[in-house]
Protein chains: 4
Amino acid sequence: MSPRRRDSASTAAARAGRRTELLATAAEVFASRGYAATTVREVADAAGMLGGSLYYHFDSKEAMVDEILSTFLTDMWAAYDRVTGSGLGARETFHALITESFRMIDRYRPAVVIYQNESKHLAANPRFTYLVESMRRFREMWLSVLDRGVLAGEFRADLDTGLIYRFIRDTVWVAASWYRGDGPLSADEIARQYIVMVLEGITAD
Amino acid sequence: MSPRRRDSASTAAARAGRRTELLATAAEVFASRGYAATTVREVADAAGMLGGSLYYHFDSKEAMVDEILSTFLTDMWAAYDRVTGSGLGARETFHALITESFRMIDRYRPAVVIYQNESKHLAANPRFTYLVESMRRFREMWLSVLDRGVLAGEFRADLDTGLIYRFIRDTVWVAASWYRGDGPLSADEIARQYIVMVLEGITAD
Amino acid sequence: MSPRRRDSASTAAARAGRRTELLATAAEVFASRGYAATTVREVADAAGMLGGSLYYHFDSKEAMVDEILSTFLTDMWAAYDRVTGSGLGARETFHALITESFRMIDRYRPAVVIYQNESKHLAANPRFTYLVESMRRFREMWLSVLDRGVLAGEFRADLDTGLIYRFIRDTVWVAASWYRGDGPLSADEIARQYIVMVLEGITAD
Amino acid sequence: MSPRRRDSASTAAARAGRRTELLATAAEVFASRGYAATTVREVADAAGMLGGSLYYHFDSKEAMVDEILSTFLTDMWAAYDRVTGSGLGARETFHALITESFRMIDRYRPAVVIYQNESKHLAANPRFTYLVESMRRFREMWLSVLDRGVLAGEFRADLDTGLIYRFIRDTVWVAASWYRGDGPLSADEIARQYIVMVLEGITAD
DNA sequence: TATGAATGAGTCTTCATTCAT
DNA sequence: AATGAATGAAGACTCATTCAT
């Protein structure tokens, strides 16, 4: 390895690092102020640079959310696929998916908030068709788990699975809006309580 | 009643009606596009008038959301107060509050969507401090019901009531984003299934 | 005279009276807020009617200032012409013109304020060429008095009459901006002191 | 000085220079068209840029007049304070204040025109309370000079000093509306003739 | 890499004016 | 004569984006 190559390698790594850093900042700001209401200048301020300077790193404001969301979704689907591909029963799959979801919130909180708040509006844009696709897969995945559980006699049959699916989906993701990594409850503990509540209900025996 | 009085009465009523009509339209648009992302022109288009014409009826875009949200919240608290003031036990109160909430969604769907999506951002504005106040009351009301239920042995004691409160709050309101008045399930039926799920869980006996 | 004619006569008189009343109100508002900064609605408010209603009486906002200014200027020139046509010497003419000017301020204060503040801007509009013409006549009138006085040995010859003219003109009219009809000094008393100051100076003997 | 420091110094200076330049342009336009009647676009046109570009340099149209007026007033009061602090007699103080005033007009003509035409309207805005304060100080300063002169037997006692003060104030400032730096009379010459007129009167001996 | 300055399209809002009643 | 509702043009201001340095 020539010094030149080592240099450019470390430069490329540094550049990638800077990019990731900037995206983390942007995600934080988009999540707290709302994507539409956030100005590029606000993101730049938070990153300690001037508005125009961001355009050296990204093509547009849209490109930033795009990268934030697609990075998160790619990782999320990898985790979900690992779960659904491991041949677990419905109840165990339910358990694992919920747990993974709260871990995602832990790891990608701002991205999840953006996903939750802006998906519907962004989805109208051709650039974000993958969001629509992701929502469709999400729905199918959950309905399949729920239906499997009902068939196996693990879940009640007198409830509308479409309705249950929506309740689960919403409650899980919306947790991103109040979750703090440094709060008293860990992501796994929250998942555990959530599972208890949904599976057994809050009624005392 | 003299003709004069009937006239002015019908005029005032017509004016109030137009105002309500316009607010309903605005709420619909704000809910579907997002408040910040909605232009005044879009609201006006939906109402069949020009952008500037809205200002004959309202002081500002902000004044419109304000009226939409405060009208909804006033009615909502009247309903909640009726419930909490009627001396029911924790479980019955839980039941009644959930049912009322879904009825609110049925009656004020767009307002609830706006409340859900924009409250956090609007609350920073002094004009909307009543939102913060409403959120506080909401929290206290639910925590009191949950705590009462735990003490009475009606609800499980091994779950974090703060967490349960958040799950309930989010799931109930977020339902506004997919609820359609003309869907296959009525608001009361949705409430019923939701109550079953949360109280008894989805596990089959 | 038939009753009909009497009726229409009194109606016409009433209409003219209302018009004058409205113009007086408009002049007051234009004078205090500035013509450009005054909205038609503000004038209407002051007159106790709605914005659109003024258009029953006047063609436009511009038509209002027009009538305000031309009425005032017509009366002013009638008074000035009476003075300059009465064969007085320079000093007496000076005296009389100043006195008449302060009387004008007394009678037409708001109109004078508008004239003072807006003439330059309005003059660009073809409708108001009479303002330019009036300013020209005004200048000629004063220069003629001053020149006549210098030639007659009544006024000092070592001062620039163009300059003196401007000082006189400005000070006289600008007085409209602070003059109150109910103040401690009458218009004639103010004129007297002004004449003393300009003719004899403020130095003690 | 390192090149770095020279660079940043020249940059800062250039920025301040541009700002001053833009304010001079804005002042010219505000003075000739009137503040309320001037559009931001007109100012931008005169500066050779687009309307929105001005907002890179200034927060608002209001911020521009603010800076124009406060810069002028700061300098003006420095000059007046120098005069009143130098222990001159009333007559000499009178002389010096008038001279300084015309020099101000020479140096800040557009600002003075704006001050003269818009002060009353702007003063209602909390941002411009310093205008009210400045007017108060101005009045006190002149009354004190005039009263001192009367007591010392230098000025006539049979005139109302409040009236004289107003005449002086108005005439001096209103001169800004016709003064041209390139006219035949210098600021000092105009001041001299003005002083002669007011102190000795225009009557020939 | 980042800055400073500018662009230009678009946003909210204002306001003179119109017109059916 | 006056109201209520709307028009439409224009105005102040914002903001994503560009680009020379």
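What counts, and at which threshold
- Residues numbered from 1 in each chain as written.
- Chains lettered and ligands numbered in written order.
- Predicted model: local features only at pLDDT ≥ 70, side-chain atom pairs only at ≥ 80, totals over all residues.
- Heavy atoms only, no water.
- Domains from an automatic or database assignment.
- Contact = heavy atoms within 4.5 Å.
- Salt bridge = Lys/Arg side-chain N within 4 Å of Asp/Glu carboxyl O.
- Polar contact = N/O pair within 3.5 Å; in protein donor to acceptor, adjacent residues only side chain to side chain.
- Helix = DSSP H or I, 4+ residues; strand = E, 2+ residues; numbered from the N terminus.
- Nonpolar A, V, L, I, M, F, W, Y, C, P; charged D, E, K, R; others polar.
- Near = heavy atom within 4 Å.
- Phe/Tyr/Trp six-rings, centres within 6.5 Å; stacked < 30°, edge-to-face > 60°.
- Buried < 20%, exposed > 50% of the residue type's maximum accessible area, 1.4 Å probe, protein only.
- Lys NZ or Arg CZ within 6 Å of the ring centre and 35° of its normal.
- Least-squares fit on C-alpha atoms with pLDDT ≥ 70 in both.
- Buried area = accessible area lost by both parts, 1.4 Å probe.
- UniProt positions renumbered as here; feature names shortened; annotations may be inferred.
- 1 Å grid on protein atoms, 1.4 Å probe; cavity = no way out; pocket = protein on both sides within 12 Å on 5 of 7 lines; lining within 4 Å.
- Points joined across faces, edges and corners; volume = space filled by probe spheres on them.
- Expected span 1.5 Å × (residues − 1).
- Bend = angle between axes of the 7 residues up to and from the residue.
- Arc of directions from axis to C-beta.

The name given to chain A in an unreviewed UniProt entry is TetR/AcrR family transcriptional regulator, with Planomonospora corallina as the source organism.

A. Examining the domain arrangement of chain A more closely. Residues and elements named next belong to chain A. Split by domain assignment, chain A resolves into domain 1 (1-58) and domain 2 (60-205). Taken together, the contact pairs 15 residues of domain 1 with 13 residues of domain 2. There are two salt bridges connecting domain 1 and domain 2. As a salt-bridge pair, Arg109 and Glu28 come within 2.8 Å of each other at their nearest N and O atoms. On the surface where domain 1 and domain 2 come into contact, there are five residue pairs in polar contact (both at pLDDT 80 or more). For the side of domain 1 that touches domain 2, the secondary-structure elements that each account for two or more residues are α1 (3-33) and α3 (54-57). Per-element tally for the side of domain 1 that touches domain 2: the top contributor is α1, with seven residues. For the side of domain 1 that touches domain 2, the per-class residue count stands at 11 nonpolar, two polar and two charged.

B. Structural view of the protein's contact with DNA strand E. The immediate surroundings of DNA strand E are formed by 30 residues, with Ser53 and His57 of chain A, Tyr55 of chain B, Val40 of chain C together with His57 of chain D found nearest. Taking Ser53 of chain A, its side chain carries an N or O atom lying 2.8 Å from a phosphate oxygen of DNA strand E. Where the surface near DNA strand E is concerned, the elements lending two or more residues are α1 and α3 of chain A together with α1 (3-33) and α3 (54-57) of chain D. Of the residues that constitute the surface near DNA strand E, the class distribution is 10 nonpolar, 14 polar and six charged.

C. Structural context of the packing of aromatic side chains. Applying the stated criterion across every chain, the model contains 58 aromatic pairs over all chains. Seen from their ring centres, Trp178 of chain C and Phe167 of chain D are 6.4 Å apart, and the 70° between their planes marks the pair as edge-to-face. Within this pair, whereas Trp178 of chain C is found in the loop between α7 (161-174) and α8 (187-200), its partner Phe167 of chain D is found in helix α7 (residues 161-174), the two belonging to separate chains. Trp178 of chain C gets classed as buried once you look at its relative accessible area, which sits at 14%. Ring geometry for Tyr80 of chain D against Phe138 of chain D: centres 5.9 Å apart, planes inclined by 55°, an arrangement best described as tilted. Highlighted residues: Tyr80 of chain D in helix α4 (residues 61-84) and Phe138 of chain D in helix α6 (residues 129-151), separated in sequence by 58 residues. Lying over the aromatic face of Trp77 of chain A, Arg137 of chain A brings its terminal NZ or CZ to 3.9 Å of the ring centre.

D. Layout of the relation of the copies chain C and chain D. Between chain C and chain D, the superposition needs a rotation of 180° and an axial shift of 0.1 Å, giving an RMSD of 0.1 Å. The transformation just described matches what one would write down for a two-fold rotation axis. Relative to the rotation axis, the C-alpha of Gly201 of chain C is the closest in chain C, positioned 1.8 Å from it. A symmetric contact is evident, with 100% of the interface residues of chain C recurring at the interface of chain D.

E. Expanded view of the interface of chain A and chain B. At the interface, 42 residues of chain A touch 42 residues of chain B. With both sides pooled, the region where chain A packs onto chain B buries about 3,800 Å², and carbon together with sulfur makes up 64% of that total. For the pair chain A and chain B, the number of links is two salt bridges. Here Glu200 of chain B ties to Arg156 of chain A by a salt bridge, and the two come within 2.8 Å at their closest N and O atoms. Counting across the chain A and chain B interface gives 19 residue pairs in polar contact (both at pLDDT 80 or more). When contributions to the side of chain A that touches chain B are tallied by element, the ones reaching two or more residues are α1, α5 (90-122), α7 (161-174) and α8 (187-200) of chain A. A breakdown of the residues in the side of chain A that touches chain B according to their chemical character gives 21 nonpolar, 10 polar and 11 charged.

F. Region of interest: the UniProt feature "domain: HTH tetR-type" (unreviewed entry) in chain A. Sites flagged by UniProt as "domain: HTH tetR-type" (unreviewed entry) map to residues 16-76 of chain A. Secondary structure across residues 16-76 of chain A divides into 75% helix and 0% strand, with the first and last C-alpha atoms of the span separated by 21 Å.

G. Representation of the arrangement of the chains. You won't find any contact between chain A and chain C; their C-alpha atoms come no closer than 33 Å. Kept free of each other, chain A and chain D leave a smallest C-alpha distance of 12 Å between them.

H. Molecular detail of the layout of surface pockets. Here the second largest pocket defines a volume of roughly 1,300 Å³. Considering the residues around the second largest pocket, the lining is formed by 40 residues, among which Gln116, Asn117 and Val174 of chain C together with Gln116 and Val174 of chain D are closest to the centre. Of all elements in the fold, only α5 (90-122), α6 (129-151) and α7 of chain C together with α5 (90-122), α6 and α7 of chain D reach the threshold of two or more residues within the lining of the second largest pocket.

I. Layout of α5 of chain D. Between its terminal C-alpha atoms α5 of chain D stretches only 33 Å, short of the 48 Å expected from 33 residues at 1.5 Å a residue. Within α5 of chain D, the axis deviates most sharply at Tyr108 of chain D, by approximately 105°, and proline Pro110 of chain D lies no more than four positions further along.

J. Highlighting the relation of the copies chain A and chain B. Least-squares fitting of chain A to chain B yields an RMSD of 0.1 Å, with the superposition described by an axial translation of 0.0 Å and a rotation of 180°. An overlap of 100% is found between the interface residues of chain A and their copies at the interface of chain B, pointing to a shared contact surface.

K. Looking closely at helix α2 (residues 40-47) of chain B. Residue and element names in this part refer to chain B. Listing the buried residues of α2 in full gives Val40, Val43, Ala44 and Ala47. Relative to the axis of α2, the buried residues are bounded by an arc of 95° and lie together on one face. Looking at the residues trailing α2, positive phi occurs at Gly48, about 75°.

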